[in-house]
Structures are given as structure tokens and as C-alpha cells.
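Survey of secondary and tertiary structure
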Amino acid sequence: MKAKLEDNNPFRYGCVVEDSFYCPRPLLERQLAGFVRSGQNVVIHGERRMGKTSLINAVVRGLRGWRMLYVDLLHVQTVGDVCRRIVSSVRNLERKATIFEKALKLLPRLRPVMKIDPASGEVGFALDARAAEDPYAVEEVLDMLSKVAGNGRTVVVFDEFQDICNLADAQTMLALMRGRIQFQGDIPYVFTGSVRSRMVELFDNPDSAFYKSALTLCVGEIEQDSFAKFLLARFASGRRRVSDETVRAIMDTVANVPGDVQQLCEAIWGVTAGSVGPEDIETALQVVFMREGDKFESFCERLSPVQFKLLMGIARIGGREIQSRAFLDEAGIGNAASARKAAIRLCELRYVYLFHGEYRFSSMFFRAWLLRRDY
Ligand SMILES: Nc1ncnc2c1ncn2[C@@H]1O[C@H](COP(=O)(O)OP(=O)(O)OP(=O)(O)O)[C@@H](O)[C@H]1O
Ligand SMILES: [Mg+2]
């Protein structure tokens with residue numbers, strides 16, 4: 001059994017990490033736990049793969065007697081999608097069919113039907129499709145949620161919250177949600193999302209219904225020394241020898257983004273045995289490129305020549321002052337207006353994002369791949 005465990009790769013990426021796969025972040029955990037305990041609503045800002053969802057999960061798991069009602073709003077397009085996601089999360093929380101049935105009874109407008117799969121015993125449901133398209137349906141759903149969550153210590157998490165903006169009637173929907181949530185003072189709501197700029201727009205713009213409706217917590221990189229220590233221990237758990245310098249070089253290669261660091265370590269694990277050295281980083285990158293190269297290739301095919309030049313320019317020169325003469329000349333772009341337009345497109349495609357005046361790559365692997373291509 002022990003040998004088998006040691007063969008297992010001790011690194012995980014692309015999912016919520018917990019237990020030994022999770023590097024503790026005591027300062028953020030304390031802050032978030034404090035907000036939750038005092039019933040405050042919180043918005044968590046942070047770029048992709050920084051560990052927002054894992055942090056929330058770790059905090060709620062660590063709070064005795066508390067539970068999490070987790071609503072994933074990724075790619076919601078309609079009011080019905082939002083209502084169904086919330087009802088699904090209630091079903092996930094209340095596994096007992098009788099309790100869930102009671103919850104459904106609180107949604108008369110939506111005419112819910114409970115379904116039980118005879119083979120698996122899985123509890124499902126359906127909502128009246130037309131009724132669920134009326135934005136006001138969300139009020140009923142949030143009232144039901146408050147009855148379920150308000151009885152005990154339940155944290156409601158709305159993840160990928162910025163995707164509410166995909167809805168045709170997003171402003172009405174946001175106003176209705178805010179209207180309900182502000183009266184549910186006994187429930188701490190945590191809002192988070194992976195498109196920082198849109199989340200900031202939702203919570204920091206005076207025209208937004210959610211303006212100043214929650215305290216802010218920023219989740220950036222994991223503090224370097226503790227992350228390095230954590231990674232060293234993960235390698236050691238499988239009897240791999242690695243120096244502190246090599247671990248720091250791994251972190252540097254992907255700009256210390258936790259998800260990318262874990263992905264690189266996972267690949268390094270696969271190409272090494274016994275000891276790990278700095279030369280293994282390049283081999284592991286090649287493994288990642290083999291897995292993801294086709295995707296990166298198709299990313300490039302979507303770009304116009306100017307957009308591609310800008311992308312290469314940001315990869316090579318860096319993403320500051322992309323409208324300066326020096327940058328334009330080196331990137332081979334005619335004028336500042338073209339660079340500006342191309343940058344808007346690269347942000348829309350989420351290849352890059354703007355961080356304090358600097359365009360940064362959303363995936364450091366994409367940048368590394370571009371730099372190794374022979375253009
Ligand atoms: N505390 C942590 N310790 C170790 N690895 C972490 C930690 N937090 C995040 N990671 C790494 O980052 C990956 C993404 O984590 P998570 O999904 O929590 O981030 P996120 O910020 O919610 O991402 P997204 O913006 O894509 O939703 C994890 O699979 C893991 O590899
Ligand atoms: Mg997340």
C-alpha cells in the first residue's frame with residue numbers, strides 16, 4: 001500500500017485542492033474565516049488559478065459546524081440557468097429527499113417536479129421552463145435558499161459570479177439578487193470569479209447593483225517561502241530529492257501562479273525518478289506542450305496578424321507600455337491605435353489580462369510555448 005501511495009503523483013492542478021494537496025494560507029484563511037463568522041458578505045478578487053475556490057473550501061471545512069452551499073455560475077446564459085444552478089446546489093447540500101422536497105415546495109411559481117432515478121437513487125428535479133425565464137423567479141429561489149441556509153451556519157458561495165453578466169437582462173437580474181441578498185443578514189455570501197476586471201466592475205462601480213455590497217479580499221500568489229516549503233515536502237513525500245533553488249526556478253518559470261506551478265511540478269514528477277534538477281524543467285515543459293500544443297496552435301489561428309504580433313511582443317518584451325514607440329517598433333506594429341485595438345481583442349479572448357497597467361499572460365505555459373516557436 002505504501003509503495004503504491006508513493007507512486008502517486010503528489011501534485012494536482014485544474015481542480016480544487018484540499019488536505020495534503022493544499023498549501024495553507026493562514027493570513028487569508030484567518031481573514032475570510034473572520035468575515036464568515038461575523039456574517040459579512042465578501043467578494044474575493046484574484047486572477048485565474050490563484051487558488052480562490054480552494055481557499056474558500058479550506059476555510060469552510062475548517063469552521064466547525066459550518067457548511068457550504070456552493071453555486072457554480074460558470075457559463076450561465078439565462079435566468080433559468082441561474083435558478084437551476086441554485087436549486088441544484090441546495091439539492092447537493094440537502095441529500096435527504098424529504099428535506100429537498102420541502103425546499104422545492106417553497107418554489108410554487110417555478111412548479112418544480114422532484115425526480116428520483118430508480119437505479120441510482122439520485123435525486124433530481126425539473127423547473128417549469130417558461131416560469132424559470134422570468135427574472136423575478138430568482139427572488140423566489142433566493143428566498144428558498146435563505147430558508148435552507150438561514151437555519152444554520154451556512155456560507156453561500158457564488159463562484160464565477162461575473163458570468164451573470166452574460167444574461168440578456170443582467171442588470172435587472174443583478175438588481176433583484178442584490179435586493180434579496182441585502183436582507184439576508186444572517187447568511188454570509190462569498191462572491192468570487194476568475195475574470196477579475198469584471199468582478200471589480202460589479203463590486204466597485206457606483207452604477208452596479210452590487211456596488212460596495214461586500215468586503216473585499218484579494219487572493220494573489222501564495223507567499224513564496226511557504227509555497228516553496230510546501231513543494232519541497234510534496235517532492236519529499238515521494239522520495240524525490242530536489243533543492244530549494246530548483247523549486248524556486250520551477251516557481252519562477254510560471255511566474256509563481258499556484259495552478260501553473262502545480263501543473264509544472266506534476267509534469268516534472270512524470271519525467272524524473274530519484275532526483276530532480278533544473279534541467280528537468282525544460283523536459284517537463286515539453287511534456288506540457290505535447291499535451292496542450294494543439295490548443296495553443298488553435299489560439300493563434302484565431303488571431304489577425306496585428307493581434308498575433310502584439311501577443312508575441314508581450315511574450316518577448318513584456319506587457320508594459322505597449323503603445324510606446326520602442327514597443328511598437330520591436331513588435332513590428334504600425335501605430336498605437338492598432339496595438340490598443342489588438343489588446344482589447346486579446347483580453348476578450350482571455351489570452352492576456354490587464355494588471356496594474358501591465359498586460360500579463362493568462363497561461364504562462366502559452367507564453368513559454370510561443371517563445372519556443374520558430375516564427
Ligand atoms: N493553497 C494551494 N495550495 C496548493 N496549490 C494550490 C492552492 N491553491 C491553488 N492551487 C493550485 O491552483 C489550482 C487552481 O486552484 P483553484 O481552482 O482553487 O483556483 P481558482 O483561483 O479558483 O481558479 P479559477 O480562477 O480558474 O477558478 C489548483 O488545482 C492547484 O493546482
Ligand atoms: Mg475557482
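A brief look at the structure comes next. Small disclaimer: the values here were computed from a predicted structure and weren't measured. Per-chain numbering applies: the sequence of each chain, read as written, is numbered from 1 onward. Naming scheme: in the order in which they are written, chains are lettered from A and ligands are numbered from 1. Side-chain atom pairs in this predicted model are given and counted only at pLDDT of 80 or more, local residue features only at pLDDT of at least 70, and totals for whole chains, interfaces and linings cover all residues. Hydrogens are left out, water is left out, and the side-chain values use all remaining heavy atoms of the structure.

On to the pairing of strand β3 (residues 113–116). Alignment of β3 against strand β4 (residues 123–126), held across 4 bridges, turns out to be antiparallel. Each bridged residue has a counterpart across the sheet, and for V113 the counterpart in β4 is A126. When DSSP finds two or more bridges between two strands, those strands count as paired. The secondary structure listing takes helices from DSSP runs of H or I that are at least 4 residues long and strands from runs of E that are at least 2 residues long, numbered from the N terminus. The turn linking β3 back onto β4 is made up of 6 residues, and G121 within it adopts a positive phi angle of 80°.

Stacked, edge-to-face and tilted labels apply to pairs of Phe, Tyr and Trp rings (six-membered ring for Trp) whose centres lie within 6.5 Å, assigned for plane angles under 30 degrees, over 60, and everything in between, in that order. Here the structure, examined in full by the defined rule, presents 23 aromatic pairs. Each ring, one from F11 and one from W269, has its centre 6.3 Å from the other, and the planes form 65°; the classification is edge-to-face. Residue F11 is located in the loop between α1 (2–7) and α2 (26–37), and its partner W269 is located in helix α11 (residues 258–271); the two are separated by 258 residues in the primary sequence. The buried label goes to any residue with under 20% of its type's maximum accessible area, the exposed label to any with over 50%, and the partly exposed label to all in between, with areas taken from a 1.4 Å probe on protein chains only. A relative accessible area of 2% means that F11 is categorised as buried. Their ring planes at 15° and their centres at 6.0 Å tell us that F227 and F230 sit as a pair that is stacked. Residue F227 and its partner F230 are both found in helix α9 (residues 224–237); the two are separated by 3 residues, about one turn of the helix. In terms of burial, F227 and F230 fall into one category: buried. An aromatic cluster of three or more residues is present, and its members are F158, F161, Y189, F191, F203 and F210. Stacked on the ring of F21, the Lys or Arg R12 has its end atom at 4.0 Å from the ring centre. The criterion for a charge sitting over a ring is simple: Lys NZ or Arg CZ within 6 Å of the ring centre, and within 35 degrees of the ring normal.

The next point concerns helix α12 (residues 279–301). The span one expects for a helix is its residue count, reduced by one, times 1.5 Å. Taking 1.5 Å per residue, 23 residues should reach 33 Å; α12 reaches 31 Å between its end C-alpha atoms and fits that length. Any two residues whose heavy atoms approach within 4.5 Å are treated as being in contact. Looking at the packing, one finds that the buried side of α12 touches α10 (244–253), α11, β9 (275–276), α13 (305–317) and α16 (364–371).

Assignment of secondary structure puts E139 in helix α6 (residues 137–150). Ignoring anything within four residues of it in the chain, the contact list for E139 reads L176 and R180.

Looking now at the environment of S120. Take S120: it is sitting in the loop between β3 and β4. Within polar-contact distance, the side chain of S120 engages the backbone nitrogen of E122 at 3.1 Å. Counting of polar contacts relies on pairs of N or O atoms within 3.5 Å, with two restrictions inside protein: one atom must be capable of donating a hydrogen and the other of accepting it, and residues adjacent in sequence are counted only when both atoms are side-chain atoms.

Lining the immediate environment of ligand 1, one finds 24 residues, of which R12, C15, C23, K52 and S54 sit closest. A distance of 3.2 Å separates an oxygen atom of ligand 1 from a polar atom in the backbone of R49. Within the contact set of ligand 1, an oxygen atom lies 2.7 Å away from a side-chain nitrogen or oxygen of K52. When ligand 1 is considered free in solution it has 630 Å² of accessible area, and contact with the protein chains removes 93% of it. Secondary-structure elements contributing two or more residues to the shell around ligand 1 are α3 (52–62) and α11. Polar here means any residue outside two lists: the nonpolar Ala, Val, Leu, Ile, Met, Phe, Trp, Tyr, Cys and Pro, and the charged Asp, Glu, Lys and Arg; Gly therefore counts as polar. Looking at side-chain class alone, the shell around ligand 1 contains 10 nonpolar, 7 polar and 7 charged residues. Each of domain 1 (24–218) and domain 2 (224–298) accounts for three or more of the residues forming the shell around ligand 1. If even one non-hydrogen atom of a residue comes within 4 Å of a molecule or strand, that residue is called near it. Note on areas: Shrake-Rupley with a 1.4 Å probe; residue coverage comes only from the protein chains shown. Those domain boundaries reflect an automatic or database domain assignment.

This part takes up helix α5 (residues 97–105). By the burial criterion, the buried members of α5 are F100, A103 and L104. Seen end-on, α5 carries its buried residues on one side only, within an arc spanning 100°. Opposite its buried face, α5 presents the exposed residues T98, K102 and K105, each directed more than 90 degrees away. In this fold, the buried residues of α5 make contact with α4 (79–93), β3, β4 and α6. What the arc measures is the spread of directions leading from the helix axis to the C-beta atoms.

All right, on to the packing of α13 against helix α15 (residues 336–348) then. When two helices pack together, their arrangement is given by the angle between their axes and by how far apart the axes lie. To obtain an axis, a line is fitted to C-alpha atoms, over the contacting stretch when the element is a helix, and the angle between two such axes runs from 0 to 180 degrees between their N-to-C directions. At a minimum axis distance of 9 Å, the contact between α13 and α15 shows a crossing angle of 80°. On the basis of their axis angle, the class for α13 and α15 is roughly perpendicular. Judged by residue contacts, V306, Q307, L310, L311 and I314 of α13 engage S338, A339, A342, A343, R345 and L346 from α15. Split into classes, the residues belonging to the contact of α13 with α15 amount to 8 nonpolar, 2 polar and 1 charged. The scheme is simple: roughly parallel for angles under 35 degrees, roughly antiparallel for over 145, roughly perpendicular for 65 to 115, oblique for anything else.

Another aspect to go through is the nonpolar core. Residue types Ala, Val, Leu, Ile, Met, Phe, Trp, Tyr and Cys, when buried and joined through side-chain atoms within 4.5 Å, form a set referred to as a nonpolar core. Membership of the largest hydrophobic core comes to 56 residues, with the highest contact counts inside it found for F235, F366 and L370. Per-domain counts for this core show at least three residues from each of domain 2 (224–298) and domain 3 (302–371). Among the nonpolar cores identified, the runner-up in size contains 49 residues, and V71, L104, A132 and I181 belong to it.

For the rest of this paragraph, the subject is the sheet that holds strand β7 (residues 215–218). Strand order in the open sheet formed by 5 strands is β2-β5-β6-β1-β7, with parallel pairing between adjacent strands. Each of the sheet's edge strands pairs with one partner strand only, and the pair in question is β2 (67–72) and β7. Neighbour to neighbour, the strand axes of the sheet diverge by 20° on average, direction disregarded. Relative to strand β6 (residues 189–192), strand β1 (residues 42–45) is paired through 3 bridges, and the arrangement is parallel. The residue bridging V43 from the neighbouring strand is F191, located in β6. Strands in contact with α2 are β1, β5 (154–159) and β7; relative to β7, the strand with the most contacts, it is inclined by about 160°. Together, β1, β2, β5, β6 and β7 form the strand contacts of α3, whose direction differs from that of β2 by roughly 160°.

Any link to function would need more than the numbers given here.
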